[in-house]
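Per-entry structural report
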Protein chains: 2
Amino acid sequence: MAEREAGPRPGGRSARVQASVHRAVRALLARMDRAEVTIPLVAAEAGVTPSTIYRRWGELNELLADVAVERLRPDMVPVETGSGRGDLLAWAEQYAEEMSSGLGREMIRDVLAAEGAAGPRRCCCYARQQIAVIADRAATRGEAFPDLDAVLDGVIAPILFRILFDEALGGERVGVLVEGVFAGFGRRA
Amino acid sequence: MAEREAGPRPGGRSARVQASVHRAVRALLARMDRAEVTIPLVAAEAGVTPSTIYRRWGELNELLADVAVERLRPDMVPVETGSGRGDLLAWAEQYAEEMSSGLGREMIRDVLAAEGAAGPRRCCCYARQQIAVIADRAATRGEAFPDLDAVLDGVIAPILFRILFDEALGGERVGVLVEGVFAGFGRRA
DNA sequence: GTGCTAAAAGCAAATTCTTTGCGTTTGGAG
DNA sequence: CTCCAAACGCAAAGAATTTGCTTTTAGCAC
């Protein structure tokens, strides 16, 4: 946890530019189609020159991915329901809903479209961390809770797979996935 | 199944142009980095003018996605091993390996990066069809075989999720996934 | 076959985006 | 305070994208 975001020391000029560019991207994304957003537009909105953005991010995809990863970072701890299973179900349902929205889907695609695997990895980490919180709480209560990877494969993976490749899963289907993971416990290496 | 690919009547000029553009894309992709491929380059390689490509595909992403979907179409029936479980395992292992390769991963990302959900849907259909073949064979033999969606969620989804967001799964892990799907039978609605 | 038509391709100019060299500003370190 | 390296602005050069117009082509009716 040495790095914060993609920016250097906080407070410097560099950080201010990054912040205003990110803000500009969010503003543009809110009022126009993603296909119409261009770097010169973002630059104008942010009050910087295009070359600044080109030098820092290289291309639009990288910038959009950068912004998307930041927006995908969870901003609250999973709600507590009394049981690990309940926590996971509640969290997974909310996760599925957020990611299924038009904006959510676009952000995932932006993250995947960027070069390198850093962005996707970080998104994976976000989910993993949230689940770890739930798992820790369950352990504290003395409950059994499935392996982290089992949850990733059994719940997160299908949710994202359906959003990306097929049709978003409804809440009941998410519930079935959670049940499945809890039913299939000790089978994993 | 009224449409063939993305092209109009076969044999026309339109189809010839599409074929040569696709060929050009594959040729360029084979000898340079994807980031260096541009529409003017493809046009030159294909012997057409850039505006032809712009009018037909709009942007590079769409063209790359178009080519990628075609390349992702399975070109053979799943190998027969004697049991549904064996068939599925063999097929899933090969699928995971193909998709994990640098080229495979790039093609998936290209498909996802394009506008609209048609490309990803088609990829999903390809996998579904292949699994359906295996399931049908199993049914003919009188074997029990898990639900198609269970296989998609339990095997395909984790494979693709790991490739896209984390680290590709090894063959053993694929085997575990297949086992899991067979172990978790009638639980699904 | 001949001529007609609509769809698609070519061409080229206009526009917009991207890259790059160079000078200036800025925040931090000595 | 002074210096330095990193980052930014500016502007010109280079590429890509869009677009109006013309030409070609394949299919169809006669």
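What counts, and where the lines are drawn
Residues numbered from 1 in each chain as written. Chains lettered and ligands numbered in written order. Predicted model: local features only at pLDDT ≥ 70, side-chain atom pairs only at ≥ 80, totals over all residues. Heavy atoms only, no water. 1 Å grid on protein atoms, 1.4 Å probe; cavity = no way out; pocket = protein on both sides within 12 Å on 5 of 7 lines; lining within 4 Å. Points joined across faces, edges and corners; volume = space filled by probe spheres on them. Helix = DSSP H or I, 4+ residues; strand = E, 2+ residues; numbered from the N terminus. Nonpolar A, V, L, I, M, F, W, Y, C, P; charged D, E, K, R; others polar. Near = heavy atom within 4 Å. Polar contact = N/O pair within 3.5 Å; in protein donor to acceptor, adjacent residues only side chain to side chain. Axes fitted to C-alpha atoms, helices over the stretch in contact; angles between N-to-C directions. Left-handed = near helix turned anticlockwise from the far one by under 90°. Contact = heavy atoms within 4.5 Å. Salt bridge = Lys/Arg side-chain N within 4 Å of Asp/Glu carboxyl O. UniProt positions renumbered as here; feature names shortened; annotations may be inferred.

**Some points on the layout of surface pockets**
Size it by volume and the largest pocket reaches roughly 930 Å³. Taken together, 36 residues line the largest pocket, and the ones lying closest to its centre are Glu59 and Asn61 of chain A together with Glu59, Leu60 and Asn61 of chain B. Within the residue set of the lining of the largest pocket, elements represented by two or more residues are α2 (39-46), α4 (60-72) and α6 (102-113) of chain A together with α2 (39-46), α4 (60-72) and α6 (102-113) of chain B.

**Quick look at empty space enclosed by the protein**
Where empty space is left in the structure can be found by rolling a water-sized probe over the atoms. Scanning all chains against the criterion turns up two cavities of 30 Å³ or more. Within this model, the largest cavity holds a volume of roughly 50 Å³. Lining the largest cavity, in full, are Leu29, Arg34, Leu64, Val67, Ala68, Arg71, Leu103, Glu106, Met107 and Asp110 of chain B. Elements with a minimum of two residues in the lining of the largest cavity: α4 and α6 of chain B. Looking at the lining of the largest cavity residue by residue, the class counts come to six nonpolar, no polar and four charged. Elements that contribute at least two residues to the lining of the second largest cavity include exactly α8 (148-165) of chain A together with α8 (148-165) of chain B. Grouping the amino acids of the lining of the second largest cavity by side-chain chemistry returns ten nonpolar, no polar and no charged.

**Thoughts on the protein's contact with DNA strand C**
Taken together, 19 residues are adjacent to DNA strand C, and Arg16, Tyr54 and Arg55 of chain A together with Thr52 and Arg55 of chain B come closest. Counting only the atoms of DNA strand C within 4 Å of the protein, the fraction contributed by sugar and phosphate is 65%. Within the side chain of Arg13 of chain A, one N or O atom sits 3.4 Å away from a base oxygen of DNA strand C. Within the side chain of Thr49 of chain B, a nitrogen or oxygen atom sits 3.1 Å from a phosphate oxygen of DNA strand C.

**Examining the packing of α2 of chain B against helix α3 (residues 50-57) of chain B**
All names here are of chain B. Two numbers describe how α2 lies on α3: the axes approach to 8 Å, and their chain directions differ by 115°. You can see that α2 and α3 cross each other, and the crossing is right-handed. Touching Ile39, Pro40, Val42 and Ala43 of α2 are Pro50, Ile53 and Tyr54, all from α3. For the contact of α2 with α3, the class distribution of residues is seven nonpolar, no polar and no charged.

**Some words on the interface of chain A and chain B**
Each partner contributes residues to the interface: chain A has 35 residues there, and chain B has 35 residues. Viewed at the interface, chain B and chain A are joined by 13 salt bridges. Here Arg173 of chain A makes a salt bridge to Asp153 of chain B, at a shortest N to O gap of 3.2 Å. Counting residues per element, the side of chain A that touches chain B draws most heavily on α8 of chain A, which supplies eleven residues. Taken together, the residues of the side of chain A that touches chain B break down into 19 nonpolar, two polar and 14 charged.

**Structural notes on the UniProt feature "domain: HTH tetR-type" (unreviewed entry) in chain A**
Those residues carrying the UniProt feature "domain: HTH tetR-type" (unreviewed entry) are residues 15-75 of chain A in this numbering. Structurally, residues 15-75 of chain A comprises 75% helix and 0% strand, and the distance from its first C-alpha atom to its last is 21 Å.

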